6 protein chains.
Amino acid sequence: MRLADLTWPDIDSLNRDLPVLIPVAALEQHGRHMPVFTDSLLMGEVARRAEKVLGRHALFAPLQWLGNSHHHLDFPGTLSAEPRLYLDLLCGLVENFLHHGFRRVLIINGHGGNDVPGKQAIFELRQRHRDRMDLLLLFATYWHLAPGGHAAHPDLQQPEMGHAGEWETSMVLRLAPELVRDHRQAPDVPFGQGFEPASRGWTMRDRSEPGHIGRPALATPEKGEALFEHFTSGLVRLVERMEAWDGVTWDG
Amino acid sequence: MRLADLTWPDIDSLNRDLPVLIPVAALEQHGRHMPVFTDSLLMGEVARRAEKVLGRHALFAPLQWLGNSHHHLDFPGTLSAEPRLYLDLLCGLVENFLHHGFRRVLIINGHGGNDVPGKQAIFELRQRHRDRMDLLLLFATYWHLAPGGHAAHPDLQQPEMGHAGEWETSMVLRLAPELVRDHRQAPDVPFGQGFEPASRGWTMRDRSEPGHIGRPALATPEKGEALFEHFTSGLVRLVERMEAWDGVTWDG
Amino acid sequence: MRLADLTWPDIDSLNRDLPVLIPVAALEQHGRHMPVFTDSLLMGEVARRAEKVLGRHALFAPLQWLGNSHHHLDFPGTLSAEPRLYLDLLCGLVENFLHHGFRRVLIINGHGGNDVPGKQAIFELRQRHRDRMDLLLLFATYWHLAPGGHAAHPDLQQPEMGHAGEWETSMVLRLAPELVRDHRQAPDVPFGQGFEPASRGWTMRDRSEPGHIGRPALATPEKGEALFEHFTSGLVRLVERMEAWDGVTWDG
Amino acid sequence: MRLADLTWPDIDSLNRDLPVLIPVAALEQHGRHMPVFTDSLLMGEVARRAEKVLGRHALFAPLQWLGNSHHHLDFPGTLSAEPRLYLDLLCGLVENFLHHGFRRVLIINGHGGNDVPGKQAIFELRQRHRDRMDLLLLFATYWHLAPGGHAAHPDLQQPEMGHAGEWETSMVLRLAPELVRDHRQAPDVPFGQGFEPASRGWTMRDRSEPGHIGRPALATPEKGEALFEHFTSGLVRLVERMEAWDGVTWDG
Amino acid sequence: MRLADLTWPDIDSLNRDLPVLIPVAALEQHGRHMPVFTDSLLMGEVARRAEKVLGRHALFAPLQWLGNSHHHLDFPGTLSAEPRLYLDLLCGLVENFLHHGFRRVLIINGHGGNDVPGKQAIFELRQRHRDRMDLLLLFATYWHLAPGGHAAHPDLQQPEMGHAGEWETSMVLRLAPELVRDHRQAPDVPFGQGFEPASRGWTMRDRSEPGHIGRPALATPEKGEALFEHFTSGLVRLVERMEAWDGVTWDG
Amino acid sequence: MRLADLTWPDIDSLNRDLPVLIPVAALEQHGRHMPVFTDSLLMGEVARRAEKVLGRHALFAPLQWLGNSHHHLDFPGTLSAEPRLYLDLLCGLVENFLHHGFRRVLIINGHGGNDVPGKQAIFELRQRHRDRMDLLLLFATYWHLAPGGHAAHPDLQQPEMGHAGEWETSMVLRLAPELVRDHRQAPDVPFGQGFEPASRGWTMRDRSEPGHIGRPALATPEKGEALFEHFTSGLVRLVERMEAWDGVTWDG
């Protein structure tokens, strides 16, 4: 179900153990070949497909497109919440649902830069409500929910998701091809290893002149469709585990 | 133009005197007869129509649906930013555009509860950039831009916008009639005068059991269409004044 | 009654339904012809006159002269709280009275720049105490309480209050003529329309070189006396409505 | 000079090395026998006398009566800023004067509870402007400026200032005897030693049922006059040192 | 080198490209068999050994033992910074070194609960100094720096680090056996899978009654020594990469 | 007892009236002749000696070495918490112990710059828990606990503690002579009087080129030993008063 379409009496009648999903993404540069709304388009599509499968088994909030994108601010058009504001924004959305009595909440994310703040927010929320052992507060980035994404289509060559690379470009080609510009001319930009296994603070300007990472030129709509299906099924599986949770134990 | 559809080089090529619009609204209860996304649907439609008219003369950010709605939190489903978070959210969005060099920014609002924080945000922003006399920072609620809304259609009976009343119900009937439930059964809820001309702090529970104010039963899609046209033209006029501004004087 | 003059046992003995008034104003430039304490002098005088009329029917806090005046900071001598600090200051004063059990509180204001933050503060306070339907939390700017101020004296020519214009200068001439300098030489500064009906962020330097708006040269002490009486009676009426409130309903 | 009485051009013409004084006090319970405005009355009188002596050699802001009085909040009528808000309030006032170019600022205090936050504020301010070696930022509580207060009048018996005791009651008797109630009946309340030399957190309820400390019954207006003169001369001496400062060295 | 032992002229003479290490850990419950300072003891020992190897090639701050441990607060003795305070604490320490001109800083961590806030802090720091492409800001948890820890000693049976389990207990047995109580009686507590690959907010009470996870009974000092050596070498390798960095590129 | 060495069941078994000590100090420049960790070394030694004397009569947290040292930031190597962060840090540590049920807490301090924020923190804590009359919340700087320090050894010449002067240098000579450099060459730096009795905001650069105040050249390890004993006995006496407190009265 889509929260946006319901009236307050509709919502009042829902079982408070219903899994709630809060999709979050970003509005940030995605290379010379893709629109700034890419992450939001893709997360929105994965959520739309999952909502269709799950029907009355889950409640979806509208997508929050404003993300944690300060590392892209050197590129015109990027909109980004201040890092602490973003933590408050995420915590606040979950608190709204807790206020209404819901107990099982998933922040489902479609932007790499939201990964750390999303985990931080979930930690803070659980600590604020430390006595509520009946709460199931989750955060996940959609492409982590279905490992083996590179096997979703036989022709995929990138080993992992990369900013505006083969995977994302394929998905936008499937969804809104009119918004993609000359991706076949986009150069390969290697991932690099940074200082792994340490985490290094970075901005995109440190890593890529055009603003993407990976190989957009390899993108096709067929790969995009395969990735959408792969990621949607990962998300559906997680929500089914949320619904099946016994309300007590650590595992699900 | 829609920011969401552009690439960063597209945005980089824009004249920084272009008027920028940031539509904001809310997700909050709208009575027993309308969906919680009502304000966002309506603001979105007004923005969509204005964008169509203005074309390359204005840049529209996507709608920020999370609003300042704590006064509706007693009704299930309402999502609302903490009041100070909402101020930061508005300021942050405008700061993003200033960072990219834009100088003429309008926060265009579709929810009564955003009116005071929107003005507060614009005040704060102007003071932070006190030396920038080239900035035009505006806030407006769409139904204030075209006075005489009650004259937009001859059968309109409410004298002003009321929460989920004749006007808003008419507009949703025009836009998404399948989301409206039994509005003809909705009781009349008088506006009351509160302690005017003083401002009284309130929550909706103080004023209305069903959650609306006004007369939803009078709504028709024809009134809705007339109101959309009326409000859209008011917004377009304002953006034209923004574009025509000389970049120096107080008046526009 | 004046809170300042009472002992704690005096206050302890008061009925907690007594209307409480918190006068707030500013210390900011008022043109070349008037002292920086103008707003505080005038609000103080209106409060003094109202207190005299109301006697034991209301409790007046001392005037808080520090206001929200960042838009005047380019003029030497203006003192101004940071915008968020000002919100906290207002909320804190009201919270103090709620802590002592009072339920009916009016922030009565004498400075235009406090208008938006005053409304924001009242909103925040009501939401923090969302379950307290017995609270009556009000904010009002004194010259809004008595519409038709321009009719208070037959010779008044300005249609509305303007910063350090005919109205304010008249009142200071009545109250402390020794503090007014050469107001007859002060030029007329038109109000302008800004981008109305949109709200534009501004600083006084955008609008007036000498720092006033309106026509100070027209001021006379007689007009000042008439305005004081007009505004005082508006305030007294509001406090009487506060006292008469039934403790439950929205209207008063 | 009193800032409140000046116009902005007056202030603009002042030498920025002029000592600026910001008097601060409190509105808090002062026992069963004295009004809640006691600290503000006394600080105001000391400032008034010093201003008269100093004339054009110093600029006095109006008294900020809202203080750091949470330890008195259990007594009805006490108004008090949240501790961090109070720090921001003090810092903000000094920043206002720095913004206008003044370099020598004294926060002059008349309430014991402001002593620690006043020092904290001065510390923070100096660190924020760490490169400004031309700044002289001072905080002082008026009764610390003139040691030997107990010798100001031969009949004084309390060895030091105590909350609403012999000294303060004497001064209010001198200034506004009509506001003092039955001080001769007020019991002696010993100072106690707490855990000195350690600092113990306390509230007045821990220490005194009536709300005062010391011996109010001993108060006379003659002692009050002597104390006013003693404290005023201490303040005047400090301001003279501020004016005489060479603008460079640590000592003054 | 240990920062603590140096004078300010010593530090002034250092090359600002020297790698700086800030060790952080925690003071929190570590099961019934180990002291609350466990994480700090272990991180301290790894840092001590690395410092000995690296000599003048790195500067070590003292260990900050206060960590992000709210998920352990239900167990007596745990000390923990509020989540946002912890972010500020980490950012502040790095800012101190940037203030003194250092450019290559590693927060080296010995507590799982610091992992997310450590990454958040590094992100925030890099964004605040977005134009400083010469900065190398790193965060790493020591046991992630040397993959294959389970192979460090042939008898290790746990596949990974677990709170107060085989690995940590072995290291404390090596370092301070007198502080370990009856670890052989400690029950096996399985890791569980939570809702992986989603991140779930948790407190230790959700997962373990005694407060540990894993198999403490298997611990031996020999395993501890092997783990210390393994982890130390991982840290040393990372610092060598920091030193060898060219000051420009993303990879190191 | 040392908290660091205990397990959570150990702590769980403690009487919650046990005095808890939180030692705090700093890492900041201490002249050309002493290491930046001087304050922490000295506070640590005083705490170590007191812990030995008090045994099971007190619980000692580990020393928090990060202090309020912004006034030393112009000297390389100084690490310092932002002033407000430092307040939060102190409050948070005490709150942790209150959370675990302890009622008698002393922040024991070894750095002059922590004196004002320590008192501010204790004030804030007591007000937050205003109804808890069973709380004994103390702050003390160790050299204030034993007046007459200058008489601890017959050869001491400085009248009081001075930053890195005769007293501190003597104590480091006693504790870690290998860390002291050429103190006999260090010049005498007079204390000066600042603007006493007013408090002046300062940075060390205002007062001393080498970074110390007083006469380091006079230091000897014998004086250091005498001072350690003198200060330790002062601290032990205070803790004994804490233990003997009746749990009710103001005095101890």
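Residues numbered from 1 in each chain as written. Chains lettered and ligands numbered in written order. Predicted model: local features only at pLDDT ≥ 70, side-chain atom pairs only at ≥ 80, totals over all residues. Heavy atoms only, no water.

Comments concerning the overall build of chain A
When helices and strands are tallied, chain A shows seven helices and five strands. Going from N to C terminus, chain A has its helices and strands arranged as α-β-α-β-α-β-α-β-α-β-α-α. Whereas a compact globule of 252 residues would reach a radius of gyration of roughly 18 Å, chain A reaches 18 Å, a difference of no more than 12%. With respect to the three principal axes, the spread of C-alpha positions in chain A is 55 × 35 × 35 Å. For chain A, with 252 residues in total, the buried portion stands at 68%. The contacts in chain A between residues at least 6 apart in sequence include a share of 77% that link residues at least 24 apart. (Helix = DSSP H or I, 4+ residues; strand = E, 2+ residues; numbered from the N terminus. Rg over C-alpha atoms; globule rule 2.2 N^0.38 Å. Buried < 20%, exposed > 50% of the residue type's maximum accessible area, 1.4 Å probe, protein only. Contact = heavy atoms within 4.5 Å.)

Some words on the interface of chain A and chain E
With 54 residues of chain A at the contact, the number on the chain E side is 54 residues. Across the interface of chain A and chain E, roughly 5,100 Å² is buried in total on both sides, 56% from carbon and sulfur atoms. One can count ten salt bridges joining chain A with chain E. For Arg 84 of chain A, the salt bridge is made with Glu 124 of chain E, and the minimal N-O distance between the two is 2.8 Å. Linking chain A with chain E are 31 residue pairs in polar contact (both at pLDDT 80 or more). (Buried area = accessible area lost by both parts, 1.4 Å probe. Salt bridge = Lys/Arg side-chain N within 4 Å of Asp/Glu carboxyl O. Polar contact = N/O pair within 3.5 Å; in protein donor to acceptor, adjacent residues only side chain to side chain.)

Details of the sheet that holds strand 5 (residues 199–200) of chain E
Taking strand neighbours across the sheet as the criterion, the five strands line up as 2(A)-1(A)-3(A)-4(A)-5(E) in an open arrangement whose pairing is mixed. Edge positions in the open sheet fall to strand 2 (59–60) of chain A together with strand 5 of chain E, since each of these has one partner strand only. With five bridges connecting them, strand 1 (residues 20–24) of chain A and strand 3 (residues 104–109) of chain A associate as parallel partners. In the strand pairing of strand 3 of chain A, Val 24 of chain A is matched with Asn 109 of chain A. Those strands touched by helix 4 (residues 115–128) of chain A are strand 3 and strand 4 (136–141) of chain A together with strand 5 of chain E, and its axis lies near 175° from that of strand 4 of chain A. (Pairing = 2+ DSSP bridges. Axes fitted to C-alpha atoms, helices over the stretch in contact; angles between N-to-C directions.)

Some words on the side chain of Arg 130 of chain E
Along the chain, Arg 130 of chain E falls in the loop between helix 4 (115–128) and strand 4 (136–141). Those residues in contact with Arg 130 of chain E, other than ones at most four positions away along the chain, are His 70, Leu 73, Asp 74, Thr 203 and Arg 205 of chain A together with His 99 of chain B.

A few points about the sheet that holds strand 4 (residues 136–141) of chain F
Spatial ordering of the open sheet is given by 5(D)-4(F)-3(F)-1(F)-2(F), a layout of five strands whose pairing is mixed. In this open sheet, the two edge strands, each paired with only one partner strand, are strand 5 (199–200) of chain D together with strand 2 (59–60) of chain F. With two bridges joining them, strand 1 (residues 20–24) of chain F and strand 2 of chain F adopt parallel strand pairing. Residue pairing in the sheet places Val 20 of chain F in a bridge with Leu 59 of chain F of strand 2 of chain F. Each of strand 1, strand 3 (104–109) and strand 4 of chain F touches helix 7 (residues 221–244) of chain F; the most contacted strand, strand 3 of chain F, lies at about 165° to it.

Comments concerning the relation of the copies chain A and chain E
It takes a turn of 180° to lay chain A on chain E, together with a shift of 0.0 Å along the axis; the resulting RMSD is 0.0 Å. The superposition of one copy onto the other is thereby described by a two-fold rotation axis. Relative to the rotation axis, the C-alpha of Val 116 of chain A is the closest in chain A, positioned 3.1 Å from it. A share of 100% of interface residues in chain A that are also interface residues in chain E marks the association as one of identical surfaces. (Least-squares fit on C-alpha atoms with pLDDT ≥ 70 in both.)

So, the side chain of Glu 45 of chain E
Residues and elements named next belong to chain E. Structurally, the position occupied by Glu 45 is in helix 2 (residues 38–54). A polar contact is formed between the side chain of Glu 45 and the side chain of Arg 48, at a distance of 3.0 Å. Not counting residues within four places of it along the chain, the set of residues in contact with Glu 45 comprises Leu 175 and Phe 228.

Things to note about helix 5 (residues 166–175) of chain C
All names here are of chain C. Burial runs high along helix 5: eight of the ten residues are buried. Within the sequence span of helix 5, burial applies to Glu 166, Trp 167, Glu 168, Thr 169, Ser 170, Met 171, Val 172 and Leu 173. Turning to helix 5, the residues buried within the fold contact helix 2 (38–54) and helix 7 (221–244).

With respect to the pattern of salt bridges
Residue and element names in this part refer to chain A. Applying the stated criterion to the full structure yields 132 salt bridges over all chains. For Lys 119, the salt bridge identified is with Asp 115, shortest N-O distance 3.0 Å. You can see Lys 119 and its partner Asp 115 sitting in helix 4, four residues apart, about one turn around the helix. Bridged by salt links that share partners, the residues Glu 45, Arg 48, Arg 49, Arg 174, Glu 225 and Glu 229 form one connected network.

Some words on the confidence of the model for chain A
Per-residue pLDDT for chain A has a mean of 97; in total, 100% of the residues score no lower than 70. In the predicted assembly, ipTM is 0.97 and pTM is 0.98. (pLDDT = per-residue confidence, 0-100.)

Some remarks on unusual backbone geometry
The omega angle of the peptide bond from Glu 196 of chain B to Pro 197 of chain B is 5°, so this bond is cis rather than trans. By secondary structure assignment, the location of Pro 197 of chain B is in the loop between helix 5 (166–175) and strand 5 (199–200). The backbone phi angle of Ala 164 of chain D is positive, close to 65°, even though this residue is not glycine. With respect to the helices and strands, Ala 164 of chain D occurs in the loop between strand 4 (136–141) and helix 5 (166–175). Even without a glycine there, the phi angle at Asp 182 of chain E is positive, about 45°. The residue Asp 182 of chain E is located in the loop between helix 5 (166–175) and strand 5 in this model. In this structure Asp 182 of chain E comes out as exposed when scored by relative accessible area, which is 60%.

Topic: the pairing of strand 4 of chain E
The element strand 4 of chain E is largely enclosed, with a buried count of six among its six residues. The alternating pattern of strand 4 of chain E places Leu 136, Leu 138 and Ala 140 of chain E on one face and Leu 137, Phe 139 and Thr 141 of chain E on the opposite face, and all of these are buried. With two bridges joining them, strand 5 (residues 199–200) of chain A and strand 4 of chain E adopt antiparallel strand pairing. Its bridge partner lying in strand 4 of chain E, Ser 199 of chain A is registered against Phe 139 of chain E. Traced from strand 3 (residues 104–109) of chain E through helix 4 of chain E to strand 4 of chain E, the parallel crossover comes out right-handed. (Right-handed = clockwise from strand over helix to strand, strands pointing away.)

As for the arrangement of the chains
Chain E makes no contact with chain C, the minimum C-alpha separation between the two being 20 Å. Separated without contact, chain B and chain F have their nearest C-alpha atoms at a distance of 20 Å.

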